[in-house]
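A look at the structure
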Amino acid sequence: MTKEAAKMVLADDNFQTIVHAVEEGRRVYDNVKKTILFILPTNGAGGILIIASIFLGMTMPLTPVQILWVNMVVAITVSLGLAFEQLEKGAMDRSPRNPKAKLLSPYYLFRISFVSIMIGIGTLWMNSFMQSQGYSGSDLQTVILQMFVMAQLFYLFNCRSELGFAFNKDFFRNKAVFLVAGILIVLQLALTYLPFMNTIFQTTPLELKQWTIPLLMGLFVFIIVEVEKVISKNVLKHVRSRK
């Protein structure tokens, strides 16, 4: 009866067990939020890409099957790496979370909107620019597809820390992130260079110099989000200090 009435039952006489349970609970909760912070901008950018193309009367930069590929490979597979992130420094110093607190805070809504617009509009702009430079057909779509994916791959590393700097002493601690990143790169290379993948996804092999655009787009997104995190961290600290 005691066990049934209790909210928590210790399996041993060590109260450190409670601390470990709280640590694991906070780690899981934080990683769920990081995964959402990664997945929603991925879907949001795709939505902006489609809606903006329709309203602006532009040719869709990506075909439906290519968008499906992005959603299946990037949003589902790669995001699994975030589930293995370790508890961030200072997480145990936080006050207990309000059970009524919303999963998506105002900052999360801002970050999701900001990254969605940046990747979606950036992809549209680059599509128009490359068209003006003579790119067309599957050559153009392949570069745009790789650019869209690289932007999200680099953003994955932004999401490993909510507001902290991406490059820290724990950068290499989560091996799963690098494993899924490697798998994604292999899949993208297969999508680009295997003939049967070219046929299914309407892609074409790229020259080495053509990879410059996707990599620069990914680096641009990574840097901008890191700058945004520094600014947001200072703003949130100022707001909390005034309460």
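The present account deals with the structure reproduced in this document. (Residues numbered from 1 in each chain as written. Predicted model: local features only at pLDDT ≥ 70, side-chain atom pairs only at ≥ 80, totals over all residues. Heavy atoms only, no water.)

For the rest of this paragraph, the subject is a nonpolar patch on the surface. A cluster of nonpolar side chains, contributed by Leu216, Leu219, Ile223, Val227, Ile231, Val235 and Val239, occupies part of the molecular surface with about 590 Å² of accessible area. As for its placement among the helices and strands, valine 239 is situated in helix H8 (residues 212–242). (Patch = residues over 30% accessible without salt bridge, like charges linked within 9 Å, V, L, I, M, F, W, Y side chains within 5 Å. Areas by Shrake-Rupley, 256 points an atom, 1.4 Å probe, with all protein chains shown as cover. Salt bridge = Lys/Arg side-chain N within 4 Å of Asp/Glu carboxyl O. Helix = DSSP H or I, 4+ residues; strand = E, 2+ residues; numbered from the N terminus.)

Here threonine 35 lies in helix H2 (residues 16–56). Take threonine 35: its relative accessible area is 18%, and that puts it in the buried class. A sequence separation of 46 residues divides threonine 35 from glycine 81, and the C-alpha atoms of the two residues are 8.9 Å apart. Those residues in contact with threonine 35 that sit more than four places away from it in its chain are Ser79 and Leu82. (Buried < 20%, exposed > 50% of the residue type's maximum accessible area, 1.4 Å probe, protein only. Contact = heavy atoms within 4.5 Å.)

In total, this model carries 14 aromatic pairs according to the counting rule given. Relative to phenylalanine 178, the ring of phenylalanine 171 has its centre 5.5 Å away and its plane inclined at 75 degrees; by these criteria the two rings are edge-to-face. Pairwise contacts between aromatic rings join Phe157, Phe165, Phe167, Phe171, Phe172, Phe178 and Phe222 into one cluster. Cation over ring: arginine 160 sits above phenylalanine 171, and NZ or CZ is 5.3 Å from the ring centre. (Phe/Tyr/Trp six-rings, centres within 6.5 Å; stacked < 30°, edge-to-face > 60°. Lys NZ or Arg CZ within 6 Å of the ring centre and 35° of its normal.)

Moving on, we get to unusual backbone geometry. For glutamine 202, which is not glycine, the phi dihedral falls at a positive 55 degrees. By the secondary structure assignment, glutamine 202 is in the loop between helix H7 (195–201) and H8. Judged by its relative accessible area of 42%, glutamine 202 is partly exposed.

This paragraph deals with the nonpolar core. Counting 52 residues, the largest nonpolar core has Tyr155 and Val221 as its most contacted members. Sorting the residues of this core by element identifies H2, helix H3 (64–77), helix H4 (106–132), helix H5 (137–158), helix H6 (175–193), H7 and H8 as the ones contributing at least two each. Ranked by the residues each element gives to this core, the list is headed by H5, at 13 residues. Among residues more than four places away in sequence, those in contact with tyrosine 155 are Leu37, Phe38, Pro41, Arg111, Val115, Val221 and Val225. (Core = buried A, V, L, I, M, F, W, Y, C linked by side-chain atoms within 4.5 Å.)

Here the largest pocket defines a volume of roughly 1,300 Å³. Forming the boundary of the largest pocket are 32 residues, of which Lys33, Arg94, Glu162, Leu163 and Arg240 lie nearest the centre. When contributions to the lining of the largest pocket are tallied by element, the ones reaching two or more residues are H2, H4 and H8. With six residues, the top contributor of residues to the lining of the largest pocket is H2. Here the lining of the largest pocket is composed, by residue class, of eleven nonpolar, seven polar and 14 charged. Quantified by volume, the second largest pocket comes out at close to 310 Å³. Looking at the lining of the second largest pocket, its residues break down into four nonpolar, five polar and eight charged. (1 Å grid on protein atoms, 1.4 Å probe; cavity = no way out; pocket = protein on both sides within 12 Å on 5 of 7 lines; lining within 4 Å. Points joined across faces, edges and corners; volume = space filled by probe spheres on them. Nonpolar A, V, L, I, M, F, W, Y, C, P; charged D, E, K, R; others polar.)

Packing of H4 against H5 brings their axes to within 10 Å, and their N-to-C directions diverge by 155 degrees. With respect to their mutual orientation, H4 and H5 come out roughly antiparallel. Along this stretch, H4 crosses H5, giving a crossing that reads as right-handed. Along the contact surface, H4 presents Arg111, Val115, Ile119, Gly122, Thr123, Met126, Asn127, Met130 and Gln131, while H5 presents Leu140, Val143, Ile144, Met147, Phe148, Ala151, Gln152 and Tyr155. (Axes fitted to C-alpha atoms, helices over the stretch in contact; angles between N-to-C directions. Parallel < 35°, antiparallel > 145°, perpendicular 65-115°, else oblique. Left-handed = near helix turned anticlockwise from the far one by under 90°.)

A word on the pattern of salt bridges. Taken as a whole, this structure holds seven salt bridges when the rule is applied. Among the salt bridges present, the one from glutamate 85 reaches arginine 160, with a minimum N-O distance of 2.7 Å. With glutamate 85 in the loop between H3 and H4 and arginine 160 in the loop between H5 and H6, this residue pair connects regions lying 75 residues apart in the sequence. Linking lysine 229 and glutamate 226 is a salt bridge whose minimum nitrogen-to-oxygen distance equals 2.9 Å. With lysine 229 and glutamate 226 both in helix H8 and three residues apart, the pair spans about one turn of that helix. Each member of the pair, lysine 229 as well as glutamate 226, is classed as buried. Each of the salt bridges in this network shares a partner with another, and the network as a whole consists of Lys169, Asp170 and Arg173.

Just geometry here; none of it tells us what the structure is for.
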